[in-house]
Amino acid sequence: RGLKFMLVLLQSISDGERDEEHPNLIRVNALKAYEIALKKYHGWMLQKLFMGSVYALPYKSDLLKALEKGREVKEEESIEKIHQFLSRVTPILDAIYEMYTRMNAELSYKA
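Keep in mind it's a predicted model, so treat the numbers as computed, not measured.

Q: Would you mind going over the packing of aromatic side chains in detail, with residue names and values included?
A: All told, the structure shown has 2 aromatic pairs when counted by the stated rule. Centre to centre, the rings of Phe5 and Phe50 are 6.1 Å apart; their planes meet at 85 degrees, and the pair counts as edge-to-face. Within this pair, whereas Phe5 is found in helix 1 (residues 2-14), its partner Phe50 is found in helix 3 (residues 44-53), the two being separated by 45 residues in sequence. Centre to centre, the rings of Tyr34 and Phe50 are 3.9 Å apart; their planes meet at 10 degrees, and the pair counts as stacked. Of this pair, Tyr34 sits in helix 2 (residues 27-37) while Phe50 sits in helix 3; the two residues are 16 residues apart in sequence, bridging distant segments of the chain. Clustering of aromatic rings is evident, with ring pairs tying together Phe5, Tyr34 and Phe50. A cation sits over an aromatic face here: Arg1 above Tyr41, 3.5 Å from the ring centre. One Lys or Arg, Lys4, reaches over the ring of Tyr97 and ends 5.6 Å from the middle of that ring.

If you want it as structure tokens, here you go:
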């Protein structure tokens, strides 16, 4: 689930989804990833904690710099690397999720 969250987050960033008023924040991306990957597994309390935690997320520029191991790289280059990563990893993760579904191995509890 955590991998799915990260993939949706990175996909959202690479697709250019953003808050037009605050383009360097990744709250919009994190909220989308949470809705898709994690929310259904969390009870009310954890959902509220997550909503508060989005204010502690790094800036997009800091996240991209961290993904580049501290090197200064143009945003477009980082986004292209994210696209390449996602194109390779997403099919693998999809196959894993499909296998879990076919085996009825999905954990269905709420934290």
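Q: Talk me through the environment of Thr90; I want residue IDs and the actual numbers.
A: Tracing the chain through its elements places Thr90 in helix 5 (residues 75-102). In this structure, the C-alpha to C-alpha distance between Thr90 and Leu7, residues 83 residues apart in sequence, is 7.4 Å.

Q: Lay out the layout of surface pockets with the relevant residues and their values.
A: Roughly 270 Å³ of internal volume is contained in the largest pocket. Along the wall of the largest pocket there are 15 residues; nearest its centre are Leu7, Leu10, Leu67, Phe85 and Val89. It is helix 5 that contributes the most residues to the lining of the largest pocket, 8 residues altogether.

Procedures and definitions
Residues numbered from 1 in each chain as written. Predicted model: local features only at pLDDT ≥ 70, side-chain atom pairs only at ≥ 80, totals over all residues. Heavy atoms only, no water. Phe/Tyr/Trp six-rings, centres within 6.5 Å; stacked < 30°, edge-to-face > 60°. Helix = DSSP H or I, 4+ residues; strand = E, 2+ residues; numbered from the N terminus. Lys NZ or Arg CZ within 6 Å of the ring centre and 35° of its normal. 1 Å grid on protein atoms, 1.4 Å probe; cavity = no way out; pocket = protein on both sides within 12 Å on 5 of 7 lines; lining within 4 Å. Points joined across faces, edges and corners; volume = space filled by probe spheres on them.

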